[in-house]
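Single-letter residue listing:
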Amino acid sequence: MLEFFSPVIHNALRSAAIITDKPVNIQQPADKKFGDFSTNIALLAAKECRRNPRELAQTIIEHLCFPADTIAKVEVAGAGFINFYLTPHFIMQSVEQVLLEGDSYGQGSIGEGKSAVVEYVSANPTGPLTIGRGRGGVLGDCIANLFATQGYAVTREYYFNDAGRQMQILGESVKLRYLERCGQAIDFPATHYQGEYIGDIAEEIYRDHGTALAENTELQMFKKRAEEIIFTSIRKTLERLSIRHDSFFNEHTLYTPDEGGLNANQRVIEALRGKEFITEYDGATWFQTTKLGQEKDKVLIKSSGEPSYRLPDIAYHITKFERNFSMIVNVFGADHIDEYPDVLEALKILGYDTGRIKIAINQFVTTTVDGQTLKMSTRKGNADLLDDLIDDVGADATRLFFIMRGKDSHLNFDVELAKKQSKDNPVFYLQYAHARICSLLRMAHQEIGFDPSTDTMIHLLQRLNSPAELQLGFALLDYPDMIKTSLRMLEPQKMVEYLHSLAEVFHRFYQECPILKAEPDIARARLFLSLATRQVLRNGFRILGVSAPESM
RNA sequence: GCACCCGUAGCUCAAUUGGAUAGAGCAUCUGACUACGAAUCAGAAGGUUAGAGGUUCGACUCCUCUCGGGUGCACCA
């Protein structure tokens, strides 16, 4: 709607000789009696114009010039708001637009010619995915979908490390279980991976090789096999939630030297040294964050000679700049909250435009079963598995529940609720609206021969003007704005809220307006309105990755 | 001790990022099926936005402090 109002208002400001650098905001008043849309430009500009806001608003109104039959009324209200009321014609024309654009309704072009990399999940292959990871995965997937709607070329990336100490321990854990399976007495350390899946992997190896590997002192084989099996299972779990990646970036590549004999990590050190942010003491190499006002320097290379995790992280982000992404989005859990400021600082020092980086951090998940809240814990491998949750409540509910709260809020996943088949369960409420429309259209085809694929009389929509119909039409018109808001905030939850209210408005319309029993033209008009609603529900569901059932 | 997130109706959460009378859903109460799906809808009730100051035309939102809950603070990732 900003595209519609902004030029008109700017023209009015110009012709009224009002000069301001304040942005023109278009907002939807909470209360409909303040109009369909409003702007606070007069309030913002009043001070620098040294004029009374209401009087300024009045002046602006006198210079407004809208296209014919779009705005029914404009008025000054409150302290100096300008409120706009749309005509029914405008609203119903927007509904026609929904039908004309179909699957592409809601798409925008601000990302045309730009690219975005969205990094999410990024779990190392040391064990099956936990519920907490699931939230970040779904969040990242939805954010990637949102970028795609605006024309961005999106790369969905998974960053992982299959070297390092954790993987070493994983290999040892598997080997020990294998030896145990071979009948040897073993001592399984508490520091090793306790989960049952370790035994399962050992069992698989035993099945293939019997006791032949018992004398083998090499860990490599166990590690490799464990990694393959675990990675396959991770991808299978993600696939169940329709989460797919285009690119798997192995941290390993940052350790291979280029023609100059240096690897990516070393190049970071040298570049930072050039900026005088590197120092050496206690046998280690440090990033001098004290120069940036922090309490302590941060280790980049440990005294053992190995890089700490921070260094490859910086090097990895540089590859994102080198790969020329116009937008760099990182999705991760609250446990990484201390990690990214240092990375950003380093990138800034090295001259990269960190404004292109956006961070989405999601808070943790607790599940409640029978009113009891259980805290998620990765430790014991006793529960908390994403797969178990999907088994329990299904993929649609899993996805929707993960994103139906703001990402900054701790998520309370009510397992009982997610399984419920009634209005209480937001998943069913949304999907029911869709199924109901499908059923209605089936019925319409049968009883009055309505066929949207051949019926071109969508201008009949202009016959509709009852409050329930206009309210529904207005909700449909709002959809493209909702996508933009959701994207700007990196918050798919906005979409969930929107779709919920759309379903609600549709049910009200359905309740109040007879469709098949109305006179023929009105019946068709209402069917078109229902069809448009179904289209928007579908488009929204696609972004959220939730299925749109024809019947339930 | 330091940093980040959160504190809003009995419960789970919103509030278009500084806008107008703080809104939904559960739960509670009252109504609507000889009906295109009642898996739904209409209505009632429910609040000192944790607390105290401050910034301004205007604060749930921004600043300071206090109190409570969560998370992270290694030469682990």
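Residues numbered from 1 in each chain as written. Chains lettered and ligands numbered in written order. Predicted model: local features only at pLDDT ≥ 70, side-chain atom pairs only at ≥ 80, totals over all residues. Heavy atoms only, no water.

Engineer: Now, about unusual backbone geometry: what can you tell me, with residues and values included?
Structural biologist: Not every positive phi belongs to a glycine, and Ala17 is a case in point at roughly 60°. Tracing the backbone through its elements, the reader meets Ala17 in the loop between α1 (2-15) and β1 (37-39). The backbone of Glu276 sits at a positive phi, close to 60°, despite the residue not being glycine. Relative to the assigned elements, Glu276 resides in the loop between α9 (264-274) and β7 (278-281). (Helix = DSSP H or I, 4+ residues; strand = E, 2+ residues; numbered from the N terminus.)

Engineer: Break down the sheet that holds strand β8 (residues 284-287) for me, with residues and values.
Structural biologist: Pairing within the open sheet is antiparallel, and its three strands lie in the order β7-β8-β9. The sheet terminates laterally at β7 and β9 (298-301), the two strands that pair on one side only. Here the strands of the sheet are splayed against their neighbours by 45° on average, with no regard to which way each runs. Relative to β8, β7 runs antiparallel, the two sharing four bridges. Its bridge partner lying in β8, Thr279 is registered against Trp286. (Pairing = 2+ DSSP bridges. Axes fitted to C-alpha atoms, helices over the stretch in contact; angles between N-to-C directions.)

Engineer: Requested: an account of helix α5 (residues 131-149), with residues and values cited.
Structural biologist: Look at α5: 27 Å from first C-alpha to last across 19 residues, which is about the 27 Å you get at 1.5 Å a residue. Gly151 sits one or two positions beyond α5 and adopts a positive phi of about 95°. (Expected span 1.5 Å × (residues − 1).)

Engineer: Can you lay out the domain arrangement of chain A for me, pointing to particular residues and giving the numbers?
Structural biologist: Domain assignment breaks chain A into domain 1 (2-86), domain 2 (115-159 + 245-362), domain 3 (164-240) and domain 4 (423-544). Put simply, the middle of domain 1 and the middle of domain 4, counted by C-alpha atoms, are 31 Å apart. Taken together, the contact pairs six residues of domain 1 with four residues of domain 4. Counting the surface lost from both domain 1 and domain 4, the interface buries some 420 Å², and carbon and sulfur atoms represent 53% of this. Together, Glu3, Gln28 and Phe37 form the three largest contributors to the area buried by domain 1 at its contact with domain 4, with a combined 61%. Inspection of the region where domain 1 meets domain 4 yields one salt bridge. Glu3 serves as the salt-bridge partner of Lys484, at 3.5 Å between the closest nitrogen and oxygen. (Domains from an automatic or database assignment. Contact = heavy atoms within 4.5 Å. Buried area = accessible area lost by both parts, 1.4 Å probe. Salt bridge = Lys/Arg side-chain N within 4 Å of Asp/Glu carboxyl O.)

Engineer: Talk me through helix α12 (residues 386-393); I want residue IDs and the actual numbers.
Structural biologist: All buried positions along α12 are accounted for by Leu386, Leu389, Ile390 and Val393. Buried positions in α12, seen along its axis, are confined to an arc of 100° and lie on one side of it. For α12, the elements touching its buried residues are α5, α8 (220-240), α13 (395-403), β14 (411-414) and α14 (415-419). Of the residues flanking the end of α12, it is Gly394, one or two places downstream, whose phi is positive at about 90°. (Buried < 20%, exposed > 50% of the residue type's maximum accessible area, 1.4 Å probe, protein only. Arc of directions from axis to C-beta.)

Engineer: Give me the lowdown on the pattern of salt bridges, citing residues and values where you can.
Structural biologist: The full count for this structure, using the stated rule, is 31 salt bridges. The closest approach of N and O atoms between Asp141 and Arg399, which form a salt bridge, is 2.7 Å. Taken together, the residues Asp141 in helix α5 and Arg399 in helix α13 connect sequence positions 258 residues apart. The pair formed by Asp141 and Arg399 is uniform in burial state, with each residue classed as buried. Notably, a salt bridge pairs Arg225 with Asp208, separated by 3.0 Å at the nearest N-O pair. Separated by 17 residues along the polypeptide, Arg225 in helix α8 and Asp208 in helix α7 (residues 196-209) bring together distant segments of the chain. Of the residues examined, Arg225 reaches a relative accessible area of 16% and is grouped as buried. Each of Asp141, Arg156 and Arg399 takes part in one network of salt bridges that share partners.

Engineer: Pulling in residues and values, what's your account of the protein's contact with RNA strand B?
Structural biologist: Lining the immediate surroundings of RNA strand B are 65 residues, of which Lys33, Tyr432, Arg436, Lys494 and Arg508 lie closest. Atoms of RNA strand B within 4 Å of the protein: sugar and phosphate make up 60%, bases the balance. A distance of 2.3 Å separates a phosphate oxygen of RNA strand B from a polar atom in the side chain of Arg508. A distance of 3.1 Å separates a base nitrogen of RNA strand B from a polar backbone atom of Cys513. At the level of secondary structure, the elements contributing two or more residues to the surface near RNA strand B comprise α2 (41-49), β3 (81-86), β8, α15 (426-448) and α18 (493-512). (Near = heavy atom within 4 Å. Polar contact = N/O pair within 3.5 Å; in protein donor to acceptor, adjacent residues only side chain to side chain.)

Engineer: Lay out the environment of Asp521 with the relevant residues and their values.
Structural biologist: Relative to the helices and strands, Asp521 resides in helix α19 (residues 520-544). Judged by its relative accessible area of 27%, Asp521 falls in the partly exposed class. In the structure, Asp521 is positioned 58 residues away from Arg463 in sequence and 8.4 Å away in space, judged by C-alpha atoms. In this structure, Asp521 is in contact with Leu460 and Arg463, ignoring residues within four places of it in sequence.

Engineer: Tell me about the sheet that holds β3, residues and numbers included.
Structural biologist: Each strand in a sheet pairs with its neighbour through backbone hydrogen bonds, running either in the same direction (parallel) or in the opposite one (antiparallel). Sheet architecture is open: three strands sit in the order β1-β3-β2, paired in antiparallel fashion. Here the strands that pair on one side only, and so sit at the sheet edges, are β1 and β2 (71-77). Direction aside, the axes of adjacent strands within the sheet are offset by 20° on average. In this sheet, β3 lies alongside β2 in antiparallel orientation, the contact comprising six bridges. Across the sheet, Ile71 pairs through a bridge with Leu86, a residue of β3. α1 rests against β1, β2 and β3 of the sheet, and its axis sits at about 130° to β3.

Engineer: Which residues make up the packing of α18 against α19, and what values do they have?
Structural biologist: Between α18 and α19, the shortest axis-to-axis distance is 11 Å and the interhelical angle comes to 160°. It follows that α18 is roughly antiparallel to α19 by the angle criterion. The chirality of how α18 crosses α19 is left-handed. Counting all contacts with α18, which are made through Met495, Val496, Tyr498, Leu499, Leu502, Phe506 and Phe509, the residues of α19 involved are Arg526, Leu529, Ser530, Thr533, Val536, Leu537, Gly540, Phe541, Ile543 and Leu544. Residues that form the contact of α18 with α19 fall into these classes: 13 nonpolar, three polar and one charged. (Parallel < 35°, antiparallel > 145°, perpendicular 65-115°, else oblique. Left-handed = near helix turned anticlockwise from the far one by under 90°. Nonpolar A, V, L, I, M, F, W, Y, C, P; charged D, E, K, R; others polar.)

Engineer: Explain the packing of α13 against α15 to me, and be specific about the residues and the numbers.
Structural biologist: Where α13 meets α15, the axes come as close as 9 Å, and the angle between the chain directions of the two elements is 110°. The pairing of α13 with α15 is recorded here as roughly perpendicular in orientation. Both α13 and α15 take part in a crossing whose hand is right-handed. For the pair α13 and α15, the contacting residues are Asp396, Ala397, Leu400 and Phe401 in the first and Pro426, Val427, Leu430 and Gln431 in the second. When its residues are assigned to classes, the contact of α13 with α15 shows six nonpolar, one polar and one charged.

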